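A structural walkthrough
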Amino acid sequence: MQKKLLLALALSCAGYQAHAAGDVIAGKAAFAKCASCHQVGRSARGVFGPQLNGIVGRPAGATKDFKYSAAMMNSRIVWSEASLRAFLKSPNDVVPENKMRFFGIGNDRQIDDLLAYLSQYK
Ligand code: HEC
């Protein structure tokens, strides 16, 4: 009984820290790397890349106003913080032959910040 309670506490702390780790303001600055292709916010639409509203929890290739690669459409990924983290580090390893022309981000901190920024847009 007590063990279970401790485990639950530990898990909820871990969850809290995962969120607290990212900095929204720094994430907004980091989004400059993405903003030439991606939009977020109320009027966001697909341009050079798909709009990213509600990206955490969204299936890959799901927006209707953007033409995805077959690779992305067939990836069967549902974007989670973990899969986004992996994709942003190395897009071509996670979805080979996708058409996002982006080298990837090596800095974990910056990815946390970006995820914190993106999760504001539901
Ligand atoms: C040069 C343009 C470009 C840049 C820069 C870029 N992307 Fe992309 N992104 C794309 C394109 C194009 C796709 C669609 C890929 C496909 O269909 O294969 C995409 C796809 C994605 C997806 C999957 C979306 C979905 O609906 O499944 C995510 C998430 C994403 N990008 C996040 C980012 C983030 C975060 C950044 C900045 C760190 C970034 N991208 C930088 C062009 C870009």
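For the structure given in this document, a descriptive report is provided here. The structure displayed is predicted, hence computed values, not measured ones.

With that settled, consider the overall build of the protein chain. What the protein chain contains, in helices and strands, is six helices and zero strands. For the protein chain, the succession of helices and strands along the chain, N to C, is α-α-α-α-α-α. For the protein chain, buried positions account for 35% of its 122 residues. For the protein chain, restricting intrachain contacts to residue pairs at least 6 apart in sequence, the fraction spanning at least 24 positions comes to 42%. Of the roughly 8,100 Å² of accessible surface on the protein chain, a fraction of 60% belongs to carbon and sulfur atoms.

The next thing to look at is the site of the ligand. Surveying the vicinity of the ligand reveals 27 residues, the closest of which are Cys 34, Cys 37, His 38, Ser 69 and Met 100. The contact in question runs from an oxygen atom of the ligand to an N or O atom on the backbone of Gly 61, over 2.9 Å. Between the ligand and Trp 79 there is a distance of 2.9 Å, counted from an oxygen atom to a side-chain nitrogen or oxygen. Looking at the shell around the ligand, the element that brings in the most residues is helix α4 (residues 81-89), giving three residues. Across the shell around the ligand, the residue classes tally to 18 nonpolar, five polar and four charged.

At the metal site, the iron atom of the ligand is ligated by His 38 (NE2) and Met 100 (SD), and these contacts range over 1.9 to 2.2 Å. Coordination at the iron atom of the ligand comes from six donor atoms whose angles at the metal span 86 to 178°, giving a geometry best classed as octahedral. Highlighted residues: His 38 in the loop between α2 (24-30) and α3 (70-73) and Met 100 in the loop between α5 (91-94) and α6 (108-118), separated in sequence by 62 residues. Among the residues examined, Met 100 registers a relative accessible area of 22% and is labelled partly exposed.

Looking at the secondary structure, you find Ile 25 in helix α2. C-alpha separation for the pair Ile 25 and Tyr 117, spaced 92 residues apart in sequence, amounts to 7.3 Å.

Another point: the side chain of Asn 98. Secondary-structure assignment places Asn 98 in the loop between α5 and α6. Taking the relative accessible area as the measure of exposure, Asn 98 reaches 2% and is therefore buried. Among the polar contacts listed, one links the side chain of Asn 98 to the backbone nitrogen of Met 100, at a separation of 2.6 Å. Setting aside residues no more than four positions away along its own chain, Asn 98 makes contact with Ser 69, Ala 71, Met 72, Phe 87, Pro 91 and Asn 92.

Counted under the stated rule, the structure contains three salt bridges. For Arg 85, the salt bridge identified is with Asp 112, shortest N-O distance 2.5 Å. Of this pair, Arg 85 sits in helix α4 while Asp 112 sits in helix α6, and the two are 27 residues apart along the sequence. For Asp 113, the salt bridge identified is with Arg 109, shortest N-O distance 3.9 Å. Of this pair, Asp 113 and Arg 109 both sit in helix α6, four residues apart, roughly one helical turn. Taking relative accessible area as the criterion, Asp 113 reaches 6% and is therefore assigned buried.

Conventions and cut-offs
- Residues numbered from 1 in each chain as written.
- Predicted model: local features only at pLDDT ≥ 70, side-chain atom pairs only at ≥ 80, totals over all residues.
- Heavy atoms only, no water.
- Helix = DSSP H or I, 4+ residues; strand = E, 2+ residues; numbered from the N terminus.
- Buried < 20%, exposed > 50% of the residue type's maximum accessible area, 1.4 Å probe, protein only.
- Contact = heavy atoms within 4.5 Å.
- Areas by Shrake-Rupley, 256 points an atom, 1.4 Å probe, with all protein chains shown as cover.
- Near = heavy atom within 4 Å.
- Polar contact = N/O pair within 3.5 Å; in protein donor to acceptor, adjacent residues only side chain to side chain.
- Nonpolar A, V, L, I, M, F, W, Y, C, P; charged D, E, K, R; others polar.
- Donors = N, O, S within 2.8 Å, 3.2 Å for Na, K, Ca; no water.
- Tetrahedral: all angles 85-135°; square planar, octahedral: opposite > 155°, others 65-115°.
- Salt bridge = Lys/Arg side-chain N within 4 Å of Asp/Glu carboxyl O.

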